[in-house]
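Remarks on the overall topology
One letter stands for each residue in the lines below.
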Number of protein chains: 2
Amino acid sequence: MSTAWLRVPDQIYARSFAIIRAEAELDRLPPALVPLALRVVHACGMVEVASRLAWQGDPATAGRAALAAGRPVIADCRMVASGIIRRRLPAGTEILCGLDCDETAAIAARDGTTRSAAALDALGDRLAGAVVAIGNAPTALFRLLEIIAAGGPRPAAILAFPVGFVGAAESKQALIEAGCGVPFLTLPGRMGGSAMASAAVNALWAPNEEGG
Amino acid sequence: MSTAWLRVPDQIYARSFAIIRAEAELDRLPPALVPLALRVVHACGMVEVASRLAWQGDPATAGRAALAAGRPVIADCRMVASGIIRRRLPAGTEILCGLDCDETAAIAARDGTTRSAAALDALGDRLAGAVVAIGNAPTALFRLLEIIAAGGPRPAAILAFPVGFVGAAESKQALIEAGCGVPFLTLPGRMGGSAMASAAVNALWAPNEEGG
């Protein structure tokens, strides 16, 4: 094998983002969303994802304001939480995952639902004004829409990347059709994942491209 | 929005895997690799990934034997580690990430390389006989191939899903061309990610499809 591989982190980042800028369809996006799209594409290796992103309102500015106000980031699973780069967020930003709440399992059993959905109920008022990042569970997004529709706590922004074959496309379509007034970014269809959700969070506060 | 979303975890899993079996090109795979392919597809929402997987030897059987022998799983990043479902592995299986080794940063600075590559040096003999799961860094895979080529510790199996625009395709091609004799499963090209790498690990020991 060749040993001529690029080893310098800053050079790898710079070249990666130059390739994405050259290949991805970024012109269709509002400027505030471009940093999020760049990092989402970077996370999955697929430039075509930039062509498929959907949004309402300005989730980048709303998410940034939430972080400035000290609101938490709420992840639907531990992979999303572990993919968030703390030094790219304001110092002290809380990253919460409702799966870690003591009462989540009991709520799931009581309601006959997934722990991912119950986790949002367990978080209660912590949802209010938070940045919600969903990278796994369609049921988390479905439940979040129910909570909002019922007049419950409203997050500041939703970064919605549930993935898979049952409910992922449907939950994202429900978000698009809900008209709930919460700004969001999403990727319609089956594709998504924790890396995309984390990447969108990682672009909110420090929208420069460098640094992992 | 409709409230008719599927909430029961076992039903969601069963329906998901039925869809994947109906749509994915699984016939091209050796039977031992089918559980890994199913979970990799499940993790990314793209059935076409099953058509593009590449392998040498039998990484499923080799990985399973390594777990039975008490060898660790080595993840290239914390997202891969956090995506591994411990109850799907033998009790007590160690999940290591070399980024957590004390000496990794110093090795990276000394060698002018990434922490992801230095992490493999920091792990030293722990690599021997281990299951290595790479879901992020091409430099980790490049460095692993160098270590093996230099006569260093040899893992039992490599699950290689580095992702991105600089080095991901090249590192996986290098793995395919290396002929190093270590069984591997990989996805050529830019695509990959932590979720795919974790999913492949999660299929090794308990190849049944149910359970998240």
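Please refer to the structure higher up on the page.
Before going into details, it helps to say that this report is about the structure given with it. (Residues numbered from 1 in each chain as written. Chains lettered and ligands numbered in written order. Predicted model: local features only at pLDDT ≥ 70, side-chain atom pairs only at ≥ 80, totals over all residues. Heavy atoms only, no water.)

1. Remarks on the interface of chain A and chain B
With 44 residues of chain A at the interface, the matching set in chain B holds 44 residues. Across the chain A to chain B interface the summed buried area is about 3500 Å²; carbon plus sulfur atoms make up 72%. The largest per-residue losses of area from chain A upon contact with chain B belong to Trp5(A), Met79(A) and Phe165(A), which jointly make up 22% of the total buried on that side. Counting every contact that joins chain A to chain B gives four salt bridges. We note a salt bridge from Glu146(B) to Arg7(A), for which the minimum N-O separation is 3.1 Å. The interface formed by chain A and chain B contains nine residue pairs in polar contact (both at pLDDT 80 or more). Of all the secondary-structure elements, those providing two or more residues to the side of chain A that touches chain B are α1 (9-23), α2 (34-44), α4 (78-83), α7 (138-149) and α9 (194-202) of chain A. Of the residues forming the side of chain A that touches chain B, the biggest block, seven residues, is contributed by α1(A). Split by residue class, the side of chain A that touches chain B holds 23 nonpolar, 14 polar and seven charged. (Contact = heavy atoms within 4.5 Å. Buried area = accessible area lost by both parts, 1.4 Å probe. Salt bridge = Lys/Arg side-chain N within 4 Å of Asp/Glu carboxyl O. Polar contact = N/O pair within 3.5 Å; in protein donor to acceptor, adjacent residues only side chain to side chain. Helix = DSSP H or I, 4+ residues; strand = E, 2+ residues; numbered from the N terminus. Nonpolar A, V, L, I, M, F, W, Y, C, P; charged D, E, K, R; others polar.)

2. Digging into the pattern of salt bridges
With the rule as written, the count across this model stands at 14 salt bridges over all chains. When the shortest N-O distance is used, the salt bridge between Arg143(A) and Asp121(A) registers 2.8 Å. With Arg143(A) in helix α7 and Asp121(A) in helix α6 (residues 115-123), this residue pair connects regions lying 22 residues apart in the sequence. On the basis of relative accessibility, which here comes to 26%, the residue Asp121(A) falls in the partly exposed class. Where Arg110(B) meets Asp111(B), a salt bridge forms, and the shortest distance between an N and an O atom there is 2.7 Å. Residue classification places Arg110(B) among the exposed residues on the basis of a relative accessible area of 63%. When salt bridges that share partners are traced, they join Arg7(A), Asp121(B), Arg143(B) and Glu146(B) into one network. (Buried < 20%, exposed > 50% of the residue type's maximum accessible area, 1.4 Å probe, protein only.)

3. Looking at the sheet that holds strand β6 (residues 184-186) of chain A
All names here are of chain A. Spatial ordering of the open sheet is given by β1-β6-β5-β4-β2-β3, a layout of six strands whose pairing is mixed. Unpaired on one side and paired on the other, β1 (54-56) and β3 (95-97) mark the two borders of the sheet. Across the sheet, the mean angle separating the axes of adjacent strands is 15° when strand polarity is ignored. (Pairing = 2+ DSSP bridges. Axes fitted to C-alpha atoms, helices over the stretch in contact; angles between N-to-C directions.)

4. So, the packing of aromatic side chains
Under the defined criterion, the tally for this structure stands at four aromatic pairs over all chains. The interplanar angle of 10° and the centroid separation of 5.3 Å between the aromatic rings of Phe142(A) and Trp5(B) together place this pair among those described as stacked. Taken together, the residues Phe142(A) in helix α7 and Trp5(B) in the segment before α1 (9-23) connect one chain to another. An identical accessibility class is assigned to Phe142(A) and Trp5(B); each is buried. Here the guanidinium or amino end of Arg64(B) rests over the ring plane of Trp205(B), the centre of that ring lying 4.8 Å away. (Phe/Tyr/Trp six-rings, centres within 6.5 Å; stacked < 30°, edge-to-face > 60°. Lys NZ or Arg CZ within 6 Å of the ring centre and 35° of its normal.)

5. With respect to the pairing of strand β5 (residues 157-160) of chain A
Residues and elements named next belong to chain A. With burial as the criterion, each face of β5 is covered, one bearing Ala157 and Leu159 and the other bearing Ile158 and Ala160. In terms of strand pairing, strand β4 (residues 131-134) meets β5 through four bridges, oriented parallel. Note on β5: the bridge partner recorded for Val132 is Ile158. For the crossover from β4 across α7 to β5, the handedness is right-handed. Examined bridge by bridge, β5 and β6 share three bridges and lie parallel to one another. Bridging across to β6, Ala160 finds its partner in Thr186. Regarding topology, helix α8 (residues 168-178) serves as the crossover connection from β5 to the parallel β6, and that connection is right-handed. (Right-handed = clockwise from strand over helix to strand, strands pointing away.)

6. With respect to the packing of α7(A) against α8(A)
Residues and elements named next belong to chain A. In the contact formed by α7 and α8, the axes pass within 8 Å of each other and the chain directions differ by 25°. By the angle between their directions, the pair α7 and α8 is classed as roughly parallel. The interaxial crossing formed by α7 with α8 has left-handed handedness. Residues Pro138, Leu141, Phe142 and Leu145 of α7 form the contact with α8, whose own contacting residues are Ala168, Glu170, Ser171, Lys172, Ala174, Leu175 and Ala178. In terms of residue class, the contact of α7 with α8 is made up of eight nonpolar, one polar and two charged. (Parallel < 35°, antiparallel > 145°, perpendicular 65-115°, else oblique. Left-handed = near helix turned anticlockwise from the far one by under 90°.)

7. Let's talk about the sheet that holds strand β1 (residues 54-56) of chain B
Residue and element names in this part refer to chain B. Read across the sheet, six strands follow the order β1-β6-β5-β4-β2-β3 without closing on themselves; strand pairing throughout is mixed. Whereas interior strands pair on both sides, the edge strands pair on one side only; in this sheet they are β1 and β3 (95-97). Averaged over all neighbouring strand pairs, the angle between strand axes comes to 15°, with direction disregarded. Looking at chain direction, β1 and strand β6 (residues 184-186) are connected through three bridges and run antiparallel. Residue Ala54 lies in a different strand from β6, and its bridge partner there is Thr186. Along the sheet face, helix α9 (residues 194-202) touches β2 (73-75), β4 (131-134) and β5 (157-160) and points at about 155° away from the line of β4.

8. So, the state of the cysteines
Enumeration over the complete set of coordinates arrives at zero disulfides over all chains. Of all cysteine sulfurs in the structure, the one in Cys77(A) sits closest to Cys97(A), which takes part in no disulfide; the separation is 6.6 Å. (Disulfide = S-S within 2.5 Å.)

9. Focus on the relation of the copies chain A and chain B
Note on the copies: chain A fits chain B at an RMSD of 0.0 Å, the axial shift is 0.0 Å, and the rotation between them is 180°. Both copies are brought into coincidence by an operation consistent with a two-fold rotation axis. Taking C-alpha positions as the reference, the residue of chain A nearest the rotation axis is Met79(A), at 2.7 Å. The share of interface residues of chain A whose copies in chain B are also at the interface is 100%, consistent with both copies meeting through the same surface. (Least-squares fit on C-alpha atoms with pLDDT ≥ 70 in both.)

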